[in-house]
Amino acid sequence: MTVHSQGAVTSAPQDAPPKSAGLPETPAPATGPGARPPRGGGKSLPTGWLPYLLVAPAVLALATLLLYPLIKNVILSLQDINKVEFIQRKYPFAGFDNYTELLGDPDFWTVVVRSFAFTLANVALIMVLGSLIGILLNKLGKKMRLVLSMALVMAWAMPIVASVQVFRWLFDEQFGVMNWVMRTAGFSGYEQHNWMETGLSTMVIVTILVVWGSIPFVALNMYAGLTTVGAELYEAARMDGANGWQTFWKIVFPNLKPFFLITTFLEVIWVFKAFTQVYAMNKGGPDRASEILPVFAYVEGQSQAHYGLAAAISVLTIVILVIVMSFYFRLILKQEEEQ
Amino acid sequence: MKRKLIAAVGVAGMMVGLAACGNGDDDKAKADAGPKEITVWVMDGSAPKAWIDEVNKEFSAKHPGVTVKVEEQKWTGIQEKVTTALSENTPPDVLELGNTQTAGYAVTGGLADLTKEKAQLGADAWQKSMLASAEVDGKLYSAPWYAANRVVIYDKKAFAKAGVTPPTTRDEWVAGLEKLKAADPATQPIYLPGQSWYVLAGLIWDEGGDLAVKDGAKWKGGLGTPQAGAAMEFYKKIQSYSTAPKDKDEANPQQSTDIVPKGGVASWIGLGWEAGGAEKALKEAGKEADFGYFPIPGKTADKTSTVFLGGSNLAVAERSKNKELAKEWLALAAGKDQMTKYAAETKGALLPNQAAANFTPAAGSFAEAMGKAGVNGKITPVTAGWANVETEPNPIKEFMTKVLKGEDAAKAGADADAEIAKRINK
């Protein structure tokens, strides 16, 4: 990272033609380690207040849409706000009471463990199945590839709540298609089988939904990545007698490592906060047994009207995600240094 | 460079994700439509259109230029919605609140104190039993509007076919269900989902127990008691004649419009508006509804089962911009004249707030059965914390599902009581 930024800084004055017009044509020797030709050819980067002005709208938008709610949320998490305080607009400061209450609550830890298990299972399935379909896309002929791509895009374009509703109908206890399918296939005990009988079975159905909904992103990205792998690499591998498995691990995987990294971590983030799917499926039930962290925060906050406590849950969720993500950033930085 | 970009995308993705986590309650500041409009929130099935149109017409005649906007709300998730609405600068001016939830809102300061307006509202004429849920610590926070209770609604044809007549005791009821089952295996003798907790409440009261009782200065749950266990045992027995899901309540799927019109249901337990909804849905499906009604039978023939006396109150929001107009609308709607019309419009299926407005129901009607059953009506504990107990996930419902699936009632009840105690004393 340092390498790049220094290079950019040192190159800026060299490239300012109007100012340097009267100076000798030989550029001043580069001061930093970035002793390579400046990027951007002869065009200069604007200086002074202009860059700040240009970046201001983006910073402003980010600050109002992300930073402000985030700060508000942290403040809220330090207050004891329930239904009465909320309606009366009182904001009693509670210090870290919400946090100590949560950290001492076994229910909270159950939800944390469940969130991790849910994320792990989903991301693993999404990455494996998505990559396989991506490879399939690469191997298919033109027409079939188009058909499959369209199918994937349509699955991806499906609004989440609508797809959850469809899944709920499929798995409905009284009129569901799944029970009918099982009965027709000759299995007994599916007269009125409750697919969402336990927290685990509910989570399994949510997992099917989330995996189904996330595969297109991974598969299409994988396909895009595969098109950048040169045909000569495959050819060379074939010449060396590599089988499909070896080709994947020795050629495709190293080439697409950045792709795997970014998609995996994006999926981790998305699955970890998959509120809509889980809540719309069974409202975190039965008996709160399918709640993951965002759903837990919502149920405590909205349904139970413990707004301060819910804010504390979401802050802890952020902390947990940052810790998980820090591994990713370390990985990226390390690679950068190695280069 | 590519990596940096990737890292940036990662950060951006995370930030967007996190922002979505912090679910703030943004003020949905409604456009101020001028001072000459009041908004009234009524619940699904509470206000017949013909009646409320007439109330508004009369109101507008008295207050030229003032229009009344009526917004119909669903019961599901209503507490969150009302809480948010009461915290805003422009809440609905008049709102209907369930009688079990009114005390919970009264203590928040979100409802206008109507104690001084008692005379204007005609409070002297109100039924004492209905007034109880509208008051907290001697102060009036709402006007009782209507009350209703559940009865058994049955398909006359199915009962005739099986040779069953309306039962008067629990034993007769069970024997009848048994006969219905034998007569037509494809039809469920009764549709009773596992989480119909208002029905259970009546059975618990019949045993002499209660959902929660006062224990010194605090409240404690009453589901772990032998009385609740006995009530649940009977509920389980009746429920065994139904193929309804054990983990659903009567509103999801909506029994009146989603279940009964599909056929195959010989009887079910519901309210007047549900019976009406089912009739309408059957008609739309090209079928003829032929319903009979009887009170939920008690242990002996001389006393029908205790029933939960559901109902609603009308309150004025403390932050209403048109409090005076709202109070006048309230006085008009809850007054004797309009309540008389209300009772007539609902054919007595909803009991008006004063005896003088009562409607004499037709023989064999829902209202007649309801009137008989309503004599033994009771309401949930009147305390501010009760509303917290009722909100989803409702511990009473979880208790019912657990017992129906075979868990020990005393153990499941103790778990539920712990949760009730936590919520009710908040």
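What you see is a predicted model, and the numbers here were worked out from it, not measured in a lab.

Counting residues in hydrophobic clusters, the biggest one holds 180 residues, and the most contacted among them are B:Val94, B:Val151, B:Leu200, B:Val316, B:Trp329 and B:Leu330. For B:Leu330, the residues in contact, after removing those within four places along its chain, are B:Val94, B:Leu121, B:Ala143, B:Leu314 and B:Val316.

In this model, helix H10 (residues 199-226) of chain A (28 residues) spans 39 Å end to end at C-alpha, consistent with the 40 Å of a helix rising 1.5 Å per residue. For H10(A), the principal kink sits at A:Ser214 and spans about 35°; a proline, A:Pro216, occurs within the next four residues.

All names here are of chain B. Pairing is antiparallel in the open sheet, where three strands are placed in the order S10-S7-S11. Single-partner strands in this sheet number two, and they are strand S10 (267-270) and strand S11 (291-294). Across the sheet, the mean angle from the axis of one strand to that of its neighbour is 30°, orientation sign disregarded. With four bridges connecting them, strand S7 (residues 151-155) and S11 associate as antiparallel partners. Its bridge partner lying in S11, Asp 155 is registered against Phe 291.

This paragraph deals with the confidence of the model for chain B. Here chain B averages 89 in pLDDT, and 92% of its residues register 70 or above. Model confidence for the complex: the whole-complex pTM is 0.80, and ipTM, which rates the interface, is 0.79.

All names here are of chain A. Tracing the sequence through the fold places Ala 219 in helix H10. Owing to 25 C-beta atoms within 10 Å, Ala 219 belongs among the buried residues under this scheme. With residues up to four places along the chain from it excluded, the contact list for Ala 219 reads Gly 130, Ile 133, Gly 134, Leu 137 and Leu 152.

Residue and element names in this part refer to chain B. For the pair helix H9 (residues 197-206) and helix H10 (residues 226-239), the least separation of the axes is 8 Å and the interaxial angle reads 130°. By the criterion of interaxial angle, the relationship of H9 to H10 is oblique. Both H9 and H10 take part in a crossing whose hand is right-handed. Every residue of H10 that contacts H9 at Val 199, Leu 200, Leu 203, Ile 204 and Asp 206 is listed here: Gln 227, Ala 228, Ala 231, Met 232, Phe 234 and Tyr 235.

Turning our attention to the sheet that holds strand S6 (residues 143-148) of chain B. All names here are of chain B. One open sheet holds the six strands; their spatial order is S2-S1-S3-S13-S6-S14, and the pairing between them is mixed. Both outer strands of the open sheet, strand S2 (67-73) and strand S14 (351-352), are each paired with one neighbouring strand and no more. Here five bridges tie S6 to strand S13 (residues 310-316), and the two strands are oriented antiparallel to one another. The partner of Tyr 146 across the bridge, within S13, is Ser 312. Sheet strands in contact with helix H2 (residues 49-62) are strand S1 (37-43) and S2, and its direction is about 155° off that of S2. The strands touched by helix H13 (residues 323-333) within the sheet are S1, S2, strand S3 (94-98), S6 and S13, with S13 carrying the most contacts at an inclination of about 150°.

For the rest of this paragraph, the subject is the environment of B:Asn149. All names here are of chain B. One can find Asn 149 in the loop between S6 and S7. Accessibility expressed as a C-beta count within 10 Å gives 27 for Asn 149, which makes it buried. Sequence-wise, Asn 149 and Gly 374 are 225 residues apart; in three dimensions their C-alpha atoms are separated by 6.3 Å.

Parameters at a glance
- Residues numbered from 1 in each chain as written.
- Chains lettered and ligands numbered in written order.
- Predicted model: local features only at pLDDT ≥ 70, side-chain atom pairs only at ≥ 80, totals over all residues.
- Core = buried A, V, L, I, M, F, W, Y, C linked by C-beta atoms within 7 Å.
- Buried ≥ 20, exposed ≤ 12 C-beta atoms within 10 Å, placed from the backbone.
- Contact = placed C-beta atoms within 7 Å.
- Helix = DSSP H or I, 4+ residues; strand = E, 2+ residues; numbered from the N terminus.
- Expected span 1.5 Å × (residues − 1).
- Bend = angle between axes of the 7 residues up to and from the residue.
- Pairing = 2+ DSSP bridges.
- Axes fitted to C-alpha atoms, helices over the stretch in contact; angles between N-to-C directions.
- pLDDT = per-residue confidence, 0-100.
- Parallel < 35°, antiparallel > 145°, perpendicular 65-115°, else oblique.
- Left-handed = near helix turned anticlockwise from the far one by under 90°.

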